[in-house]
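Reading the structure
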Amino acid sequence: MVPMITAENLTKRYADHLVVDTVSFTARPGRVTGFLGPNGAGKSTTMRMLTGLTRPTAGRATVLGVPFTSLANPGRHVGVLLDAAAQHAGRTGREILTVSAQLMGLPSRRVEEVLTLVGLTPAESRARTRTYSLGMRQRLGLAHALLGEPAVLVLDEPANGLDPAGIRWLRTLLRSFADSGGTVLLSSHLLREVEAVADDLVIIGGGRIVAQGAVADLLATPGTQVHSTDDLTLAAVLAADGHDVSPTGPGLATSATTEEVGRLALTAGVVLTELRPSSSTGLEQLFFDATAQHGREEIPA
Ligand SMILES: Nc1ncnc2c1ncn2[C@@H]1O[C@H](COP(=O)(O)OP(=O)(O)OP(=O)(O)O)[C@@H](O)[C@H]1O
């Protein structure tokens, strides 16, 4: 599949501070790509470079095959939410959307559609955005990103400030957007949310990519958890067949697959009482392992 977003050796330096360092990745249609990293890792700067707001010191970024700034009527192709607080405080939500709809050549009914989609009430849409809560600003920012019915969404911390119902709604929205062929690049600190919705991950620390790939591959832990009526014999036959084996309280953890364990147990005449693939590491553990060198010192309680 043709990648919809590409970063090729993207690099940004401010004075002597290398903020983004040769970052390369792709985000593909039909998939949600989670973009993770500790505070200050360079996520927002990367997203700003992808959307033409910050000029890279080196490297290249494309959206739909071209630099963002070369897109005619970009809002019809790419929905961007970078800073929900950066909305005109003196305008109402409806005014902001109406102006953008006119600039994009969209019918005014599209404003109503996105307001309904993001759950902003008619009264809220007629209030000036300076009176909005963070969650309402975020919903307006999402409405703005979705306005032009884009094929690509670039969203920096879109769940920030949303209430639990809003977070669940956003997850469903992003999933169905990707399932209908859209491309989503999503940064977030909510690891559970990312784990629930992302298909691919890009993790950065200190401006560099520290892990990337499909969530299923990154979180898969090969191996098997097994318990039998004779774990000593089973451990011996597993080890003799070249597999790693370690005791785990009751039972054994081994690098062998469930099928390999089953076959060896059968040959050895050992009765299995439990046999299952090892559980996944979980995104939180992967995140901390990948970014260990780049995290902040733990703050003493
Ligand atoms: N315009 C700028 N001038 C100088 N330094 C900058 C500028 N913009 C960002 N930085 C620095 O670049 C680094 C990365 O910032 P960035 O906002 O991209 O990180 P982030 O991963 O989005 O962080 P967070 O999770 O806190 O939002 C930070 O150290 C920040 O201070």
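Not measured: the values here are computed from a predicted model.

**Let's talk about the overall build of the chain**
Across its full length, the chain carries 11 helices and 13 strands. Reported as C-alpha extents along the three principal axes, the dimensions of the chain are approximately 75 × 50 × 45 Å. Counting every position in the chain, which comprises 301 residues, the buried fraction comes to 39%. A separation of at least 24 residues holds for 69% of the contacts in the chain among residues at least 6 apart in sequence.

**Things to note about the packing of helix α2 (residues 93–104) against helix α3 (residues 109–118)**
Two numbers describe how α2 lies on α3: the axes approach to 9 Å, and their chain directions differ by 135°. In this view, α2 runs oblique relative to α3, as classed from their interaxial angle. For α2 against α3, the interelement crossing comes out right-handed. Seen from α2, the contacting residues are Arg-94, Leu-97, Thr-98 and Ala-101; seen from α3, they are Arg-110, Val-111 and Val-114. Partitioned by chemical class, the residues of the contact of α2 with α3 number 4 nonpolar, 1 polar and 2 charged.

**Let's talk about the domain arrangement of the chain**
Domain annotation of the chain identifies domain 1 (5–212) and domain 2 (221–277). In this structure, domain 1 and domain 2 have C-alpha centres spaced 47 Å apart.

**Description of the site of the ligand**
Every residue close to the ligand is listed here: Tyr-14, His-17, Val-19, Gly-37, Asn-39, Gly-40, Ala-41, Gly-42, Lys-43, Ser-44 and Thr-45. Elements that contribute at least two residues to the shell around the ligand include exactly β2 (17–27) and α1 (43–50). No other element matches α1, which puts 3 residues into the shell around the ligand. A per-class count over the shell around the ligand returns 3 nonpolar, 7 polar and 1 charged.

**Notes on the pairing of strand β9 (residues 208–214)**
Judged from the 6 bridges that link them, strand β8 (residues 200–205) and β9 form a sheet pairing that is antiparallel. Following the sheet pairing, Leu-201 is matched in β9 by Gly-213. Where β8 folds back onto β9 in an antiparallel hairpin, the turn is made up of 2 residues, including Gly-206, whose phi is positive at roughly 55°.

**Section: the pairing of strand β13 (residues 272–277)**
The side chains of a regular strand alternate, residue by residue, between the two faces of the sheet. Here β13 lies mainly on the outside; 0 of its 6 residues are buried. In the sheet, strand β10 (residues 224–228) pairs with β13 via 5 bridges, with the strands oriented antiparallel. From the neighbouring strand, Ser-228 faces β13, where its bridge partner is Leu-272.

**Section: the environment of Arg-31**
By secondary structure assignment, the location of Arg-31 is in the loop between β2 and β3 (32–36). Sequence-wise, Arg-31 and Asp-200 are 169 residues apart; in three dimensions their C-alpha atoms are separated by 7.2 Å. Other than its neighbours up to four places away in sequence, Arg-31 contacts Ala-178, Thr-183, Asp-199 and Asp-200.

**Some words on α1**
Every α-helix winds through 3.6 residues per turn, so residues three or four apart in the chain are directed the same way. A large share of α1 lies buried, amounting to 8 of its 8 residues. Within the sequence span of α1, burial applies to Lys-43, Ser-44, Thr-45, Thr-46, Met-47, Arg-48, Met-49 and Leu-50. Positive phi appears at Gly-52, one or two residues downstream of α1, with a value of about 75°.

Definitions and limits used
- Residues numbered from 1 in each chain as written.
- Predicted model: local features only at pLDDT ≥ 70, side-chain atom pairs only at ≥ 80, totals over all residues.
- Helix = DSSP H or I, 4+ residues; strand = E, 2+ residues; numbered from the N terminus.
- Buried ≥ 20, exposed ≤ 12 C-beta atoms within 10 Å, placed from the backbone.
- Contact = placed C-beta atoms within 7 Å.
- Axes fitted to C-alpha atoms, helices over the stretch in contact; angles between N-to-C directions.
- Parallel < 35°, antiparallel > 145°, perpendicular 65-115°, else oblique.
- Left-handed = near helix turned anticlockwise from the far one by under 90°.
- Nonpolar A, V, L, I, M, F, W, Y, C, P; charged D, E, K, R; others polar.
- Domains from an automatic or database assignment.
- Near = placed C-beta within 6 Å.
- Pairing = 2+ DSSP bridges.

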